[in-house]
Amino acid sequence: MEKKTLQHEIVDSMREIVFGLEDSLVSTLGTITGIAVGTQSRYIVILAGLVLIASEATSMAAGSYLSTKHAAEAENMFHDRNGFEIHPEPTHPLRAALVMGVFYLLGGIVPLSFYFFLPVSQALVPAIVVTALCLFAVGVWAASFARTSKIKSGMEMVLVSLAAAFVGYLIGAGVSRAFGIEV
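Residues numbered from 1 in each chain as written. Predicted model: local features only at pLDDT ≥ 70, side-chain atom pairs only at ≥ 80, totals over all residues. Heavy atoms only, no water.

When helices and strands are tallied, the chain shows six helices and zero strands. Summarising its shape, the C-alpha atoms of the chain cover approximately 65 × 30 × 25 Å along the three principal directions. Summarising the internal contacts of the chain: among those between residues at least 6 apart in sequence, 74% fall at separations of at least 24. Carbon and sulfur atoms form 69% of the exposed surface of the chain, whose accessible area is close to 10,700 Å². Separation between the mean location of the 11 positive side-chain charges and that of the 14 negative ones in the chain comes to 6 Å. (Helix = DSSP H or I, 4+ residues; strand = E, 2+ residues; numbered from the N terminus. Contact = heavy atoms within 4.5 Å. Areas by Shrake-Rupley, 256 points an atom, 1.4 Å probe, with all protein chains shown as cover. Lys, Arg positive; Asp, Glu negative; His and termini not counted. Charge placed at Lys NZ, Arg CZ, Asp CG, Glu CD.)

Moving on, we get to the pattern of salt bridges. Within the structure shown, the criterion is met by one salt bridge. As a salt-bridge pair, Glu73 and Lys69 come within 3.7 Å of each other at their nearest N and O atoms. Here Lys69 and Glu73 lie together in helix α3 (residues 42-81), a separation of four residues that amounts to about one turn. With relative accessibility at 30%, the residue Lys69 sits in the partly exposed group. (Salt bridge = Lys/Arg side-chain N within 4 Å of Asp/Glu carboxyl O. Buried < 20%, exposed > 50% of the residue type's maximum accessible area, 1.4 Å probe, protein only.)

By secondary structure assignment, the location of Thr131 is in helix α5 (residues 120-146). For Thr131, the contacting residues outside a window of four places in its chain are Leu25, Leu29, Val110, Pro111 and Pro126.

For any pair of aromatic rings, the description consists of the separation of the ring centres together with the inter-plane angle of the planes. Per the counting criterion, the structure on display carries two aromatic pairs. A ring pair is formed by Trp141 and Phe145, whose centres lie 5.1 Å apart and whose planes are at 70 degrees; its orientation type is edge-to-face. Highlighted residues: Trp141 and Phe145, both in helix α5, separated by four residues, approximately one helical turn. A relative accessible area of 28% places Trp141 in the partly exposed class. (Phe/Tyr/Trp six-rings, centres within 6.5 Å; stacked < 30°, edge-to-face > 60°.)

This part takes up the side chain of Asp23. With respect to the secondary-structure elements, Asp23 resides in helix α2 (residues 14-39). Among buried charged residues, Asp23 stands out as having no salt bridge; its nearest opposite-charge side chain is Arg15, 9.7 Å away. Apart from the residues lying within four places of it in its own chain, the contact partners of Asp23 are Thr28, Met60 and Tyr104.

Structure below.
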């Protein structure tokens, strides 16, 4: 059996790496931005952020494990039924879960970290800017493996992702106004 290179190992885990980072950056930013705008409470932002990152990393890892396992089983059954050669699964379910969980945790730390060191009113902008830069970098990095436009991929990642995170801001601002909380 041929030994895989590091680049081959990364490509095998590309889905989990990109999905884990992007989803965590976006969902954490959207959630804590909405909570920050709606409450102005550093404690609540940090508590909610930590709970979100921990529960979502666990959930995403479990989902990655189960989807990888079931997809491999279905593909093997399809190949077996149709007389095709069965290939070993490209990503082991436990590995997929571990990669997803780790990269989800890493991504979530980025937007939340500013709230540990800055007041809510000062943490908001750097959290958004640095998260956008990280999203751009993830898009560029992913494009380098696919040999597609790095700038286009980076911009697409930022625009699609920040649009999703903006929903959290809108909800936080809307609910705070509805309850008459000055922001």
